[in-house]
Amino acid sequence: MMNHTRLIPIFFLLIFLSFSQHSWGQKKISKAELNAKTKSGKEDPWADYKEEKDSINRWAVGINVGAFFPNKYAANFYNGSPGNINNVNYVWNNTYWYRDIRLALGSPDTLILDKTKSYDTNMHYQVAITAGVFMRFNINRKNGIFIEANYTQLKATSVVTVLEIKYQEAFQNFLMIPVIGKEERAMLDIGYQRSFPFKSKICFFVNGGMTMVYTHILKSALVVEGTEYNLMNIYGNNGYVPNSNSQSFSVNQYGIGFGGLLGAGFSLPLTDKFGLEPGASMQFYPANLKGYTAFKPSFSVYLRILLGFSHSKVT
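Predicted, not measured: the structure shown is a model, and the values here were computed from it.

To continue, consider the pattern of salt bridges. Taken as a whole and judged by the stated rule, the model has six salt bridges. Of the charged contacts, one joins glutamate 277 and arginine 136 as a salt bridge, the two residues approaching to 3.1 Å between their closest N and O atoms. On the criterion of sequence distance, the pair formed by glutamate 277 in strand β9 (residues 274-285) and arginine 136 in strand β3 (residues 128-138) is long-range, its members being 141 residues apart. For the pair glutamate 277 and arginine 136, a shared accessibility class is recorded, and that class is buried. Linking arginine 304 and glutamate 277 is a salt bridge whose minimum nitrogen-to-oxygen distance equals 3.0 Å. A residue pair is termed long-range when its members are at least 10 positions apart, and arginine 304 in strand β10 (residues 296-307) and glutamate 277 in strand β9 qualify at 27 residues. Arginine 304 sits in the buried class, given a relative accessible area of 2%. Look at the salt bridges and you will find they share partners, linking Arg136, Glu148, Glu277 and Arg304 into a network.

Set out below in structure tokens:
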């Protein structure tokens with residue numbers, strides 16, 4: 001059965017298509033309608049719109065493609081330490097898994113995990129590709145309101161240090177055993193964009209807003225000679241027993257975090273209906289994985305491909 005979390009990017013895409021189809025059929029707001037919104041004795045907040053001499057498309061829709069630089073803080077969720085919900089002791093304390101690990105490593109005597117020195121407390125994620133959809137309502141040439149949804153998958157790798165003791169040889173050795181973690185993140189941003197047009201059609205813009213991030217754990221494992229030992233407790237209280245038809249359970253580990261974002265970039269119109277927006281952004285939020293709930297900044301650079309905006313003069 002398909003995991004429900006994998007439907008999230010598809011859900012965002014359907015929302016985007018629904019709104020974009022509706023938006024292209026919208027009529028431009030008349031000056032009479034704008035005047036009706038103005039209260040007596042107060043400055044008209046839509047004055048720029050009424051006095052604007054440029055024709056612009058009120059809606060812009062497009063796709064984002066870029067690179068994501070996640071904060072390393074939550075990567076320690078995968079280091080296997082005893083304080084984490086997914087820890088190496090879960091595998092090490094299972095008699096059968098421990099025996100298989102010793103055989104795989106060719107260790108006849110004892111393998112010891114040091115509680116203070118075995119675990120990497122400075123893990124980090126690899127830079128990842130991010131992609132998503134974008135929609136913006138242009139109030140006028142300088143102001144807009146946007147919503148976007150982006151998706152990425154992250155990977156973190158490190159090692160657990162194990163002390164190998166061979167009593168008959170009075171020999172001690174340190175072994176490095178890999179640990180890996182994989183997760184997916186779906187990010188929803190809603191915000192305001194302010195543009196600063198140059199004499200040419202190019203604009204510099206800044207934006208800010210709110211962000212919601214859904215983080216779902218795909219893998220947390222110890223890797224011994226090519227064999228992965230799942231650090232997530234999928235066997236419950238009964239534990240793993242070979243050749244016993246041990247029943248496994250689906251374990252869904254995730255976090256939802258709310259925060260803010262800031263960004264900047266350039267609008268590069270190529271035609272009246274098509275343009276590019278290279279930019280960069282910072283998102284400040286907690287991944288909210290168990291034990292890792294602090295707010296931390298992550299960064300991204302992107303190229304946005306847009307349909308539906310122009311800065312052409314009215315003739």
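This part covers helix α5 (residues 95-105). For α5, the set of buried residues is Trp97, Tyr98 and Ile101. Looking down the long axis of α5, one finds its buried residues gathered within 100 degrees of arc, a one-sided arrangement. Exposed side of α5, more than 90 degrees from the buried face: Thr95 and Leu103 are the residues found there. Against the buried residues of α5 lie α4 (88-92), β2 (110-113), β6 (203-224) and β7 (227-230). Where α5 begins, one side-chain oxygen reaches toward the backbone nitrogen of tyrosine 96, 3.0 Å away; that side chain belongs to asparagine 94. Glycine 106, located one to two residues past α5, shows a positive phi value of around 70 degrees.

The two faces of the sheet receive side chains in turn, since in a regular strand these alternate between them. Note that β6 and strand β8 (residues 254-269) share 14 bridges and pair antiparallel. Each bridged residue has a counterpart across the sheet, and for methionine 212 the counterpart in β8 is phenylalanine 258. The pairing of β6 with β7 spans four bridges and is antiparallel. Within the sheet, the bridge partner assigned to valine 224 lies in β7 and is threonine 227. Here β6 folds back onto β7 in antiparallel fashion, the turn holding two residues, of which glutamate 225 has a positive phi close to 50 degrees.

Okay, unusual backbone geometry next. Residue glutamate 225 is not a glycine yet carries a positive backbone phi of 50 degrees. Positive phi, close to 60 degrees, is recorded for asparagine 243, a residue that is not glycine. Structurally, asparagine 243 can be placed in the loop between β7 and β8.

Here is what the cut-offs are and how they apply
Residues numbered from 1 in each chain as written. Predicted model: local features only at pLDDT ≥ 70, side-chain atom pairs only at ≥ 80, totals over all residues. Heavy atoms only, no water. Salt bridge = Lys/Arg side-chain N within 4 Å of Asp/Glu carboxyl O. Helix = DSSP H or I, 4+ residues; strand = E, 2+ residues; numbered from the N terminus. Buried < 20%, exposed > 50% of the residue type's maximum accessible area, 1.4 Å probe, protein only. Arc of directions from axis to C-beta. Contact = heavy atoms within 4.5 Å. Polar contact = N/O pair within 3.5 Å; in protein donor to acceptor, adjacent residues only side chain to side chain. Pairing = 2+ DSSP bridges.

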